[in-house]
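Summary of structural features
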Amino acid sequence: MTTYYVGSGGSNANNGTSWATRKLTLNGVEDIPVAAGDIVYVAPGVYRELLTVDVAGSAGNIITYIWDVT
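From a predicted model like this one, the values you see are computed outputs, not experimental measurements.

Next up on the list: the overall build of the protein chain. Summing up its helical and strand segments, the protein chain has 1 helix and 3 strands in all. Secondary structure of the protein chain in N-to-C order comes out as β-α-β-β. Here the protein chain has a C-alpha radius of gyration of 11 Å; the compact-globule value for 70 residues is 11 Å, and the two agree. Dimensions of the protein chain along its principal axes, counting C-alpha atoms only, are 35 × 25 × 20 Å. Burial analysis of the protein chain (70 residues in total) assigns 29% to the buried set. Intrachain contacts of the protein chain at a sequence separation of at least 6 include 46% that bridge at least 24 residues.

This brings us to the packing of aromatic side chains. The geometry of an aromatic ring pair comes down to the distance between the two centres and the angle between the two planes. Applying the stated criterion across every chain, the model contains 1 aromatic pair. Ring plane angle 15° and centroid distance 5.6 Å describe the contact between Tyr5 and Tyr41, whose orientation is recorded as stacked. Of this pair, Tyr5 sits in strand β1 (residues 3–6) while Tyr41 sits in strand β2 (residues 39–42); the two residues are 36 residues apart in sequence, bridging distant segments of the chain. Among the residues examined, Tyr41 registers a relative accessible area of 25% and is labelled partly exposed. Note that Arg22 overlies the ring of Trp19, its terminal NZ or CZ placed 4.0 Å from the centroid.

Let us now look at the side chain of Glu30. Here Glu30 lies in helix α1 (residues 26–30). Ignoring any residue separated from it by four or fewer positions in sequence, one finds Glu30 in contact with Leu51, Thr52, Val53, Asp54, Val55 and Tyr65.

Before going further, it helps to examine the environment of Ile62. Structurally, the position occupied by Ile62 is in the loop between β2 and β3 (64–67). Taking relative accessible area as the criterion, Ile62 reaches 54% and is therefore assigned exposed. Residues Ile62 and Ala43, 19 residues apart in the sequence, show an inter-C-alpha distance of 20 Å. When near neighbours in sequence (up to four residues on either side) are disregarded, Ile62 contacts Ala36, Gly37, Asp38 and Gly57.

Taken in spatial order, the 3 strands of this open sheet run β1-β2-β3, and their pairing is parallel. A strand with exactly one partner marks an edge of an open sheet, and here the two such strands are β1 and β3. Averaged over all pairs of adjacent strands, the angle between their axes in this sheet comes to 20°, without regard to strand direction. In terms of strand pairing, β1 meets β2 through 4 bridges, oriented parallel. The partner of Tyr5 across the bridge, within β2, is Tyr41.

Parameters at a glance
- Residues numbered from 1 in each chain as written.
- Predicted model: local features only at pLDDT ≥ 70, side-chain atom pairs only at ≥ 80, totals over all residues.
- Heavy atoms only, no water.
- Helix = DSSP H or I, 4+ residues; strand = E, 2+ residues; numbered from the N terminus.
- Rg over C-alpha atoms; globule rule 2.2 N^0.38 Å.
- Buried < 20%, exposed > 50% of the residue type's maximum accessible area, 1.4 Å probe, protein only.
- Contact = heavy atoms within 4.5 Å.
- Phe/Tyr/Trp six-rings, centres within 6.5 Å; stacked < 30°, edge-to-face > 60°.
- Lys NZ or Arg CZ within 6 Å of the ring centre and 35° of its normal.
- Pairing = 2+ DSSP bridges.
- Axes fitted to C-alpha atoms, helices over the stretch in contact; angles between N-to-C directions.

Below, the structure is given as C-alpha cells:
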C-alpha cells in the first residue's frame, strides 16, 4: 500500500509520495499507476481534466481517494 498526494504547486514529474513531492493532477497519479490498497489525498482545488480510471482495487483492498482540507 502506498500513499500519494495531489495538489496545486505539484508536478507530474514528481513521485507523489509526500506533500513536498505531490503530483499536480489526478491523471498524474493514475499514470503511476495506483494499485489495490493505495490511498490518494487530494488537496482542495479545481481539477479540470478528463480522468479515465483504468485500474481497480479488490474486495477488502480498495483504492481510496480522500479530499483533504489540511
